[in-house]
Amino acid sequence: MLNGGFLIASAAGFWVMVQAGKESGGLKKLGQILGALIIICSLAGVGLKAYSLSTDCAPGGWGKGPCCMMGKGMGACPMTGGAPGQPLGR
């Protein structure tokens with residue numbers, strides 16, 4: 001769901017840049033900066049979402065992050081050196 005929102009925001013940023021190109025002076029520069037900022041934030045959001053899905057226990061994620069290894073029975077936890085669910089230091 002969020003990826004569609006990022007795509008829409010990116011398209012809106014492009015639209016703002018196109019509309020700003022029709023203006024002149026300070027408004028043109030402001031619109032171009034604002035449009036570029038919207039696009040950059042949208043692309044960063046997609047990248048962060050992909051990273052989150054690849055490292056966290058999110059539904060649909062790959063489930064390889066430390067939060068999945070701790071207490072979910074997926075093998076030894078690299079953060080504690082023990083099996084999941086064991087207290088630290090054992």
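The shown structure was predicted, so the numbers you read here are calculated from the model rather than taken from an experiment.

Trainee: Summarise the overall build of the protein; cite the residues concerned and give the values.
Mentor: Within the protein, the regular secondary structure consists of 3 helices and 0 strands. Each helix and strand of the protein, placed in order from N terminus to C terminus, yields the pattern α-α-α. Expressed as a percentage of the 90 residues in the protein, the buried residues total 17%. Relative to all contacts within the protein whose residues are 6 or more apart in sequence, the contacts with residues 24 or more apart total 21%. Surface accessibility of the protein: about 6,400 Å² in total, with carbon and sulfur atoms responsible for 70%.

Trainee: So what about the confidence of the model for the protein? Which residues, and what values?
Mentor: On average, residues of the protein carry a pLDDT of 74, and 57% of them reach 70 or more. Across residues 69–77, confidence stays below pLDDT 50; counting only partners more than four residues off in sequence or on other chains, it has 23 contacts.

Trainee: Any details on the environment of A36? Residues and values, ideally.
Mentor: With respect to the helices and strands, A36 occurs in helix α2 (residues 26–55). For the pair A36 and S10, spaced 26 residues apart in sequence, the C-alpha separation works out to 9.1 Å.

Trainee: Explain the side chain of S42 to me, and be specific about the residues and the numbers.
Mentor: When you line up the elements, S42 lands in helix α2. At a separation of 2.8 Å, a polar atom in the side chain of S42 contacts the main-chain carbonyl oxygen of I38. Those residues in contact with S42, other than ones at most four positions away along the chain, are F6, A9 and S10.

Trainee: With reference to specific residues and values, describe the environment of W15.
Mentor: Structurally, the position occupied by W15 is in helix α1 (residues 2–21). Placed 20 residues apart in sequence, W15 and G35 show a C-alpha to C-alpha distance of 7.5 Å.

Trainee: If you had to explain the environment of F14 to someone new, which residues and values would you point to?
Mentor: Along the polypeptide, F14 turns up in helix α1. For F14, a relative accessible area of 56% translates into the label exposed. Linking F14 and A36, residues 22 residues apart in sequence, is a C-alpha distance of 7.5 Å.

Trainee: Requested: an account of the side chain of S10, with residues and values cited.
Mentor: Within the secondary structure layout, S10 lies in helix α1. Discounting residues that sit within four places of it in the chain, S10 has contacts with I39 and S42.

Cut-offs used in this document
Residues numbered from 1 in each chain as written. Predicted model: local features only at pLDDT ≥ 70, side-chain atom pairs only at ≥ 80, totals over all residues. Heavy atoms only, no water. Helix = DSSP H or I, 4+ residues; strand = E, 2+ residues; numbered from the N terminus. Buried < 20%, exposed > 50% of the residue type's maximum accessible area, 1.4 Å probe, protein only. Contact = heavy atoms within 4.5 Å. Areas by Shrake-Rupley, 256 points an atom, 1.4 Å probe, with all protein chains shown as cover. pLDDT = per-residue confidence, 0-100. Polar contact = N/O pair within 3.5 Å; in protein donor to acceptor, adjacent residues only side chain to side chain.

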